[in-house]
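Examining the three-dimensional arrangement
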Amino acid sequence: AQKVTQAQTEISVVEKEDVTLDCVYETRDTTYYLFWYKQPPSGELVFLIRRNSFDEQNEISGRYSWNFQKSTSSFNFTITASQVVDSAVYFCALSEGSYNTDKLIFGTGTRLQVFP
Amino acid sequence: GAVVSQHPSWVICKSGTSVKIECRSLDFQATTMFWYRQFPKQSLMLMATSNEGSKATYEQGVEKDKFLINHASLTLSTLTVTSAHPEDSSFYICSAELAGAPYEQYFGPGTRLTVT
């Protein structure tokens, strides 16, 4: 069965610190997709990244970077030089690769609080 | 582009009444829409998958007679909570999948339902 684990329930940092949010997944499929979403206090989910199982290259987008390691079934997310606006709940999600089963399985989320 | 709207953004209703929530893809066609429920400080749980012109597929444990889903067009899906009870109070979020582009889901801003 598919499962996404975000062991960190809540993280607090001071502005400008780097922070890494962990995500570990389980799936029996060889083809799958991994996602990160941000949910600010307003509630609306903001898409951050999608990665397919065949692309293990790390990705950097501004202050955000992602480390995908199939060997450890992890897809970790790092925010460099965190800012107060980064305060939100971050969800990691998994989708199977089957065309008929593209529903998302979400982790329990990590609440990030960045203090000034 | 790829904007999804939900209406209403929040609603308060009395126990025993029914509430309809609309999910619209504003600038794209969505053959598939998903409905999620999120309780406070918890993750998103998929309730059902809605395909245009066919019956919705409900996740295990979700009462199809209580949560009626209609996907009448390529841009509109509705969720009706029938005979609402206080335990149905939650944040309901829909997402729309771009037609012909699986795994590209766009989320609506959510609807907060409070049943008194």
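You'll find the structure just up there.
Since the structure is predicted, the reported quantities are computational estimates derived from the model, not experimental observations.

Observations regarding the overall build of chain A
A tally of regular secondary structure across chain A gives zero helices and twelve strands. A compact globule built from 116 residues should have a C-alpha radius of gyration of about 13 Å, and chain A, at 14 Å, falls within 12% of that. Principal-axis analysis of the C-alpha atoms gives chain A an extent of 45 × 25 × 20 Å. By the burial criterion, 44% of the 116 residues in chain A qualify as buried.

Let's talk about the overall build of chain B
What chain B contains, in helices and strands, is zero helices and eleven strands. Sequence-ordered secondary structure for chain B, helices as α and strands as β, is β-β-β-β-β-β-β-β-β-β-β. The C-alpha radius of gyration computed for chain B amounts to 13 Å, which stays within 12% of the reference 13 Å derived for 116 residues, consistent with globular compactness. Oriented by its inertia axes, the alpha-carbon framework of chain B measures out at about 40 × 25 × 25 Å.

Quick look at the side chain of T111 of chain B
Residues and elements named next belong to chain B. Here T111 is to be found in strand β11 (residues 111–115). On the basis of relative accessible area, T111 is assigned to the buried category, the value being 0%. In this structure the side chain of T111 is engaged in a polar contact, spanning 3.1 Å, whose partner is the side chain of Q6. A polar contact is formed between the side chain of T111 and the backbone oxygen of P8, at a distance of 2.6 Å. Other than its neighbours up to four places away in sequence, T111 contacts Q6, P8, S9, W10, V11, I21, S90, F91 and Y92.

Focus: the interface of chain B and chain A
One frequent convention defines the size of an interface as the accessible area lost when the parts assemble. Counting residues at the interface gives 19 residues for chain B and 21 residues for chain A. The three residues of chain B that bury the most area against chain A are S43, Y103 and F107 of chain B, which together make up 40% of that side's buried surface. Remark: the boundary between chain B and chain A carries one salt bridge. Among the salt bridges present, the one from E59 of chain B reaches K103 of chain A, with a minimum N-O distance of 3.1 Å. The set of elements that each furnish at least two residues to the side of chain B that touches chain A consists of β4 (32–38), β5 (44–51), β9 (90–97) and β10 (105–107) of chain B. In terms of residue class, the side of chain B that touches chain A is made up of ten nonpolar, five polar and four charged.

Observations regarding the environment of T114 of chain B
Residue and element names in this part refer to chain B. Within the secondary structure, T114 sits in strand β11. The exposure class assigned to T114 is partly exposed, which follows from its relative accessible area of 34%. Distance from T114 to S9, taken between C-alpha atoms, is 11 Å for residues 105 residues apart in sequence. Setting aside residues no more than four positions away along its own chain, T114 makes contact with V11, I12, C13 and S89.

Overview of the state of the cysteines
Covalent bonding between the sulfur atoms of two cysteines defines a disulfide. Throughout the structure, instances matching the rule amount to two disulfides over all chains. Here C23 of chain A connects covalently by a disulfide to C92 of chain A, the sulfurs 2.0 Å from one another. Across the S-S bond of C23 of chain A and C92 of chain A the torsion is about -65 degrees, and the bridge reads as left-handed. Of this pair, C23 of chain A sits in the loop between β3 (19–21) and β4 (24–26) while C92 of chain A sits in strand β10 (residues 88–96), placing them 69 residues apart in sequence. Grouping residues by exposure puts C23 of chain A and C92 of chain A together as buried. Between the sulfur of C23 of chain B and that of C94 of chain B lies a disulfide, 2.0 Å long from S to S. Taking the torsion about the sulfur-sulfur bond, which here is approximately 80 degrees, the covalent link between C23 of chain B and C94 of chain B counts as right-handed.

Observations concerning the packing of aromatic side chains
Tallied over the full model, the rule gives 18 aromatic pairs over all chains. Taken together, a centroid distance of 5.9 Å and an interplanar angle of 70 degrees make the contact between Y37 of chain A and F47 of chain A edge-to-face. Pair noted here: Y37 of chain A is in strand β5 (residues 32–39) and F47 of chain A is in strand β6 (residues 46–52), with a separation of ten residues, a long-range link. When the ring of F106 of chain A is compared with that of F107 of chain B, the centres are 6.2 Å apart and the planes differ by 75 degrees; the resulting orientation is edge-to-face. A residue pair is termed interchain when its members come from two chains, as with F106 of chain A in strand β11 (residues 104–106) and F107 of chain B in strand β10. You can call F107 of chain B buried: its relative accessible area is 6%. Connected via pairs of aromatic rings, a cluster forms that spans F35, Y37, F47, F91 and F106 of chain A together with Y36 and F107 of chain B.

Here is what the cut-offs are and how they apply
Residues numbered from 1 in each chain as written. Chains lettered and ligands numbered in written order. Predicted model: local features only at pLDDT ≥ 70, side-chain atom pairs only at ≥ 80, totals over all residues. Heavy atoms only, no water. Helix = DSSP H or I, 4+ residues; strand = E, 2+ residues; numbered from the N terminus. Rg over C-alpha atoms; globule rule 2.2 N^0.38 Å. Buried < 20%, exposed > 50% of the residue type's maximum accessible area, 1.4 Å probe, protein only. Polar contact = N/O pair within 3.5 Å; in protein donor to acceptor, adjacent residues only side chain to side chain. Contact = heavy atoms within 4.5 Å. Buried area = accessible area lost by both parts, 1.4 Å probe. Salt bridge = Lys/Arg side-chain N within 4 Å of Asp/Glu carboxyl O. Nonpolar A, V, L, I, M, F, W, Y, C, P; charged D, E, K, R; others polar. Disulfide = S-S within 2.5 Å. Phe/Tyr/Trp six-rings, centres within 6.5 Å; stacked < 30°, edge-to-face > 60°.

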